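The lines below spell out each chain.
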Protein chains: 2
Amino acid sequence: MQTSRYELKANVLNALAHPNRIRILEYLKAGAKCNCEIAPALDLEQSNLSRHMKILVQEKIVVSWKDGLRVNYKIADKQIFDILSLAGKVAHAEAKTRVKILEEQ
Amino acid sequence: MQTSRYELKANVLNALAHPNRIRILEYLKAGAKCNCEIAPALDLEQSNLSRHMKILVQEKIVVSWKDGLRVNYKIADKQIFDILSLAGKVAHAEAKTRVKILEEQ
DNA sequence: ATACTATATGAGTATATACTCATATAGTCA
DNA sequence: TGACTATATGAGTATATACTCATATAGTAT
């Protein structure tokens, strides 16, 4: 059975829907980093970080490439920052706005 | 302990990160609907739909109000459609784009 | 070769999520 | 009042997720 367009969107959003993955992505905003830089910077246990990176790579949100022992990561699709920014706006939207919406009925 | 801005964003994204909730939101795009209209239209079991709606209301993505026996729902923050649209674009972004990104290193 | 470093992964655990069925609650209408 | 309708929720189950510790893998450097 093939993946619906709803599932495709849900998979992308799900990959973004974790505080530590959001922190990782914002850390990568400055440029490519390896696991060994991200882990201490964000205080994440190595194997845990490795699995978060796997999720981000699988959803093609970041790309990775080997450089000797290290694996470097870089944002693959900068549109995710628009999604994160919008998510922040939705989270902070005021109750007032919603009262107005109710009054429109 | 208070909720970080990362958690706030993750919570919004998490509420959006389910195929059925995305279907519900797109169905509500046309205007306010009650549970009793959504369930048959999207072929969702009543109690399951009720719990999905609870998640969307808790995250203030939709607003609800009673009308006799019925509970009506309406989109509270239309910015979520921008998020869903961007999620679709990210999901469909081509490998080519990512090859370019790698070549930039 | 050995020692070292960076990352990936198996195994176990704890928690969260989605779902269903049955039942409770709340409002309507005869 | 009782019968009916729409929604919410308790309980149970199955699956997914996040995390940790230990170990495997792969590459570096001596």
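In what follows, the structure referred to is the one given above.
Read on for an overview of the structure.

Definitions and limits used
- Residues numbered from 1 in each chain as written.
- Chains lettered and ligands numbered in written order.
- Predicted model: local features only at pLDDT ≥ 70, side-chain atom pairs only at ≥ 80, totals over all residues.
- Heavy atoms only, no water.
- Near = heavy atom within 4 Å.
- Polar contact = N/O pair within 3.5 Å; in protein donor to acceptor, adjacent residues only side chain to side chain.
- Helix = DSSP H or I, 4+ residues; strand = E, 2+ residues; numbered from the N terminus.
- Nonpolar A, V, L, I, M, F, W, Y, C, P; charged D, E, K, R; others polar.
- Contact = heavy atoms within 4.5 Å.
- Buried area = accessible area lost by both parts, 1.4 Å probe.
- Salt bridge = Lys/Arg side-chain N within 4 Å of Asp/Glu carboxyl O.

### Concerning the protein's contact with DNA strand D
If you check the shell around DNA strand D, you find 25 residues, and the closest are His52 of chain A together with Gln46, Ser47, Arg51 and Leu69 of chain B. Within the side chain of Ser47 of chain A, an N or O atom sits 2.9 Å from a base nitrogen of DNA strand D. One of the backbone nitrogen or oxygen atoms of Asn35 of chain B is found 3.3 Å away from a phosphate oxygen of DNA strand D. Those elements that provide at least two residues to the surface near DNA strand D are helix 2 (19-28) and helix 4 (46-58) of chain A together with helix 3 (35-42), helix 4 (46-58) and strand 3 (70-75) of chain B.

### Focus on the protein's contact with DNA strand C
Around DNA strand C sit 25 residues, and of these Cys36, Ser47, Arg51 and Leu69 of chain A together with His52 of chain B come closest. Among all atoms of DNA strand C positioned within 4 Å of the protein, those belonging to sugar or phosphate total 54%. A distance of 2.7 Å separates a phosphate oxygen of DNA strand C from a polar atom in the backbone of Cys36 of chain A. Separating a phosphate oxygen of DNA strand C from a side-chain N or O atom of Asn48 of chain B is a distance of 3.1 Å. Elements with a contribution of two residues or more to the surface near DNA strand C: helix 3 (35-42), helix 4 and strand 3 (70-75) of chain A together with helix 2 (19-28) and helix 4 of chain B. By residue class, the composition of the surface near DNA strand C is seven nonpolar, 11 polar and seven charged.

### Some points on the interface of chain A and chain B
In this assembly, 43 residues from chain A lie in contact with 43 residues from chain B. Both sides of the chain A and chain B interface together cover about 3,900 Å² of buried area, and 72% of this is carbon and sulfur. Between Glu26 of chain B and Lys9 of chain A there is a salt bridge, with the nearest N and O atoms lying 3.4 Å from each other. The interface formed by chain A and chain B holds four residue pairs in polar contact (both at pLDDT 80 or more) in total. Every element with two or more residues in the side of chain A that touches chain B is listed here: helix 1 (5-16), helix 2, strand 2 (62-67), strand 3, helix 5 (79-92) and helix 6 (95-103) of chain A. The element that contributes the greatest number of residues to the side of chain A that touches chain B is helix 5 of chain A, accounting for 12 residues. Here the side of chain A that touches chain B is built from residues that sort into 24 nonpolar, seven polar and 12 charged.

Take it as geometry only, folks, not as evidence of what the structure does.
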